[in-house]
Amino acid sequence: MTEPTLTPPSEMSDEAKLALAREMFHAWDTKDWEGVIDLFADDGVLHSVMQEPLVGRDVVGERIRALGAITERITLHIKAIGLIDGKVFVQRVDDFDTVTGSHGAVPVVGILSMAGGRVTEWLEYYDRPSLLAGMGVDAPAH
């Protein structure tokens, strides 16, 4: 008996990757948290690089829902977007208001890997103290 061969996820075109990234950013802008979560692969990774990575759609979903619960408004202002070695790179400013009345505008660089029509890994690079200050949270002392 031969082992079944697993078919890898279909290769996505550059246009499809950019469209998926834009769909993800639109879901954030419209606070469609379930839509954000659904765009992650089952084993997708969300990694704010100054923290431990979140692995799996369920774990990512917990974080997204928690962020959504404290977000009154958010707009991801895209400054530049493109592909390098098959990954989507995006430079943006996340402009947001929290339900407690805090406001933040945080520069971010994100790198998204995709396969099979889903985000498989999303790396985020930003200044964490600036994000926490915008959320009205004191940054932990080092």
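These remarks concern the structure in this document. (Residues numbered from 1 in each chain as written. Predicted model: local features only at pLDDT ≥ 70, side-chain atom pairs only at ≥ 80, totals over all residues. Heavy atoms only, no water.)

## Some points on empty space enclosed by the protein
Here the structure, examined in full by the defined rule, presents 1 cavity of 30 Å³ or more. Volume-wise, the largest cavity comes out at about 30 Å³. Surrounding the largest cavity, L46, H47, S48, Q51, E52, L54 and R63 form its lining. Among the elements that make up the lining of the largest cavity, the one with the highest residue count is strand β1 (residues 40-48) (3 residues). Among the residues forming the lining of the largest cavity, the class breakdown is 2 nonpolar, 3 polar and 2 charged. (1 Å grid on protein atoms, 1.4 Å probe; cavity = no way out; pocket = protein on both sides within 12 Å on 5 of 7 lines; lining within 4 Å. Points joined across faces, edges and corners; volume = space filled by probe spheres on them. Helix = DSSP H or I, 4+ residues; strand = E, 2+ residues; numbered from the N terminus. Nonpolar A, V, L, I, M, F, W, Y, C, P; charged D, E, K, R; others polar.)

## Here's the deal with helix α3 (residues 57-70)
The end-to-end C-alpha separation of α3 is 20 Å, in line with the 20 Å expected for 14 residues at 1.5 Å each. All buried positions along α3 are accounted for by V60, G61, I64 and G68. Down the axis of α3, the buried set is contained in an arc of 100°. They therefore lie on one face. Exposed residues lying more than 90 degrees from the buried face of α3 are D58, E62 and A69. (Expected span 1.5 Å × (residues − 1). Buried < 20%, exposed > 50% of the residue type's maximum accessible area, 1.4 Å probe, protein only. Arc of directions from axis to C-beta.)

## A word on the pairing of β1
Two faces make up the sheet, and in a regular strand the side chains alternate between them. Within β1, 7 of the 9 residues are buried, which leaves it mostly tucked inside the rest of the structure. Here β1 runs beside strand β6 (residues 118-126); their pairing, made up of 5 bridges, is parallel. Across the sheet, residue V45 finds its bridge partner in β6, namely E121. Strand direction decides the pairing type here: β1 and strand β2 (residues 54-55), joined by 2 bridges, are antiparallel. Pairing of L46 across the sheet is with L54, part of β2. The antiparallel hairpin formed by β1 and β2 contains 5 residues in its connecting segment. (Pairing = 2+ DSSP bridges.)

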